[in-house]
Amino acid sequence: MNSLTIAGRELRNLFLSPLAWTILGVTQLILAYMFLSQVDYYLSIQPKLVGIPGAPGVTDLVVAPLFGNAAVILLLIIPLLTMRTISDERRNKTISLLLSAPISLSEIVIGKFLAIFVFLLIILLSISLMPLSLLTVGNLDLGKFLACLLAMALLMASFNALGLYMSAIASQPTVAAVASFGALLLLWIIDWAGSNGSALLEYISIMRHFENLLRGLISTVDVFYFILFIVGFLSLSIRRLDNDRLQK
Amino acid sequence: MNTLIEVNNLSRQFGHHRAVDNVSFSLNKGEVLGFLGPNGAGKSTTMKMICGNLSPTAGEIKINGYDILDQPKLAKAELGFLPDIPPLYSDLTVDEFLSYCAKLHGLRKKAIQQSVTRGKQKCGLSDMGNRLIANLSKGYQQRVGIAQAILHNPSVIILDEPTVGLDPIQILEIRELIRELGKEHSVILSTHILPEVQHSCSRVQIIHRGKLVLNESIDGLSQLMSSSSLLVRFGQPPELDLIQALEHVTGIEALEQQQYRISHHQGSTISEHIAILAVNQQWGLLELMPEKHDMEHIFLSITQDPSNHE
């Protein structure tokens, strides 16, 4: 209940600034361009595909790449959204309003997390309108489409949790943004070093798990990875906030 | 009398620096406690600990019987806190901000509207509801901060330097407000403006280098402030031995131009005896004036007393 109060205010605040609108507009524009070129490409190779049995369909060749591209754009954007959540409150000393109200630290962190997550779901909704528009001219593999949505939601929540944690550590919003961008990018490409098959690095890499889900392969390993990631960084954020009270 | 705040053996360590050292006090319902001290004495640290923004190194704090560490939610529900920098979201309007605060304190929908209206009215913000907080003057922002602290009708109100940045008229209004709040709530007020304490508080505490060095009711304080010396001036040079021989006189100090400071035991009056003596001896009494210690005097003597410097 308290989390929802905080989330509501955060979300409204987000839309008071031009940042939210800019992000919505820019992502939509870039992804629409990518989507159209992907559709174009699909149309050009469609005649060749007809002859091949079990050839990849429009969901594999248009929808999944679209969401893959969206993930990279989110990697750039989410740090900008999360950077201010906690570090700004600490800088402006408004955090003491939350600390002296009858609210627990976890409610504060979850409230902030939910606000950004709802905003990200709005982005996801507007992205998924593009593949859905294909329904007017053909068929989509709805199972795969839903798997893509699940993958995106989990990925967004993970990026969000990590960004929130960086914002809890950093004293300045920009530092939080740079740190979360760096951490996300590293986690994204960390399996490059494991090209000769390091199982650990492959497991750590966000991209591996994301791509499995994007292909329509929903396994508990991947879903659990994301849930662990989210819960882990949220609890770290709570711990970090608690440290403010204990500061030595 | 029910005790609303109980602080026992509170200490706070920052590295090697002991900001608050073994402070204990309690506050009853209907009392206004003035918390005094020079900069860096540990006032804000103590207040932050009482409000749960900082956890103590040792000691316990109870708000209306609830321990701030064991039952933080129940304890914080009884608290209204205005930190030294008012925690305001500058991109909200006064109404939006106050109703957000009311929601954070778990007020119900119906009560929110009421308490916001009442809070604004008490702090003189009734016409400011639609203004953005960023566009308000410092004084008005301070008022929003106070409104935020009293909004949910808490039993304990803690104000850290509430009159900073206000003009003299607003200061008077805020003092009046604090006195009024003191009737139904317990108020702790920190300040370094001494007359403010005399006007609005029923009890005074002075904290210095983390230690509580004075804890007096305002009556006890005026006792301390009452004179224990007289200033006299004579036309003729007096025989100091005769004055010294009077009962209760503890010392005489010669000042310039035939003026003397005569110290005496506290609570005794010797002016009459001196006047009779001076008339009988024909010293030509020109001036006889009990010396009054003001708050500043007491404050300085306590905070600069070498015995308090360890």
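Definitions and limits used
- Residues numbered from 1 in each chain as written.
- Chains lettered and ligands numbered in written order.
- Predicted model: local features only at pLDDT ≥ 70, side-chain atom pairs only at ≥ 80, totals over all residues.
- Domains from an automatic or database assignment.
- Contact = placed C-beta atoms within 7 Å.
- Helix = DSSP H or I, 4+ residues; strand = E, 2+ residues; numbered from the N terminus.
- Nonpolar A, V, L, I, M, F, W, Y, C, P; charged D, E, K, R; others polar.
- Pairing = 2+ DSSP bridges.
- Axes fitted to C-alpha atoms, helices over the stretch in contact; angles between N-to-C directions.
- Buried ≥ 20, exposed ≤ 12 C-beta atoms within 10 Å, placed from the backbone.
- pLDDT = per-residue confidence, 0-100.

Attention now moves to the domain arrangement of chain B. As assigned here, chain B comprises domain 1 (3–223) and domain 2 (227–291). Using only C-alpha atoms to locate each centre, domain 1 of chain B and domain 2 of chain B end up separated by 46 Å.

Another aspect to go through is the interface of chain B and chain A. Contacts between the two partners involve 24 residues from chain B and, on the opposite side, 18 residues from chain A. For the side of chain B that touches chain A, the secondary-structure elements that each account for two or more residues are helix H2 (72–77), strand E6 (79–82) and helix H3 (94–104) of chain B. No other element matches H3 of chain B, which puts 4 residues into the side of chain B that touches chain A. Its residues placed into classes, the side of chain B that touches chain A shows 14 nonpolar, 6 polar and 4 charged.

Another aspect to go through is the sheet that holds strand E14 (residues 285–290) of chain B. Residues and elements named next belong to chain B. Ordered by their spatial adjacency, 4 strands build an open sheet running E12-E13-E11-E14, and the pairing between neighbours is antiparallel. Edge strands, defined here as strands with exactly one partner in the open sheet, are strand E12 (249–254) and E14. On average, each strand axis in the sheet is tilted by 20° relative to the strand beside it, whichever way the strands run. Where strand E11 (residues 229–234) meets strand E13 (residues 259–264), 5 bridges bridge the pair, whose relative direction is antiparallel. Residue pairing across strands places Leu230 opposite Ile262, the latter belonging to E13. Sheet contacts for helix H10 (residues 271–281): E11, E13 and E14; angle to E14, the most-contacted strand, approximately 170°.

All right, on to unusual backbone geometry then. Residue and element names in this part refer to chain B. The residue Asn64 is not glycine, and still its phi comes out positive at about 50°. As for its position among the elements, Asn64 is in the loop between strand E4 (58–63) and strand E5 (66–67). Classification of Asn64 by C-beta neighbours within 10 Å gives partly exposed; the count is 19.

Before going further, it helps to examine the sheet that holds strand E10 (residues 211–217) of chain B. Pairing between the strands of a sheet comes from backbone hydrogen bonds, and it takes one of two forms, parallel or antiparallel. Residue and element names in this part refer to chain B. A sheet is described by the order of its strands in space; here 6 strands give the open sequence E6-E7-E8-E3-E9-E10, paired in mixed fashion. Of all strands in the sheet, those bounded by a partner on one side alone are E6 and E10. Across this sheet, the average inter-strand angle for adjacent strands is 15°, counted without regard to direction. Here strand E9 (residues 203–208) pairs with E10 via 6 bridges, running antiparallel. Paired with Val204 across the bridge in E10 is Glu216.

Put simply, chain B has an average pLDDT of 84, and 95% of its residues get 70 or more. Reported confidence for the predicted complex is 0.86 by ipTM and 0.85 by pTM.

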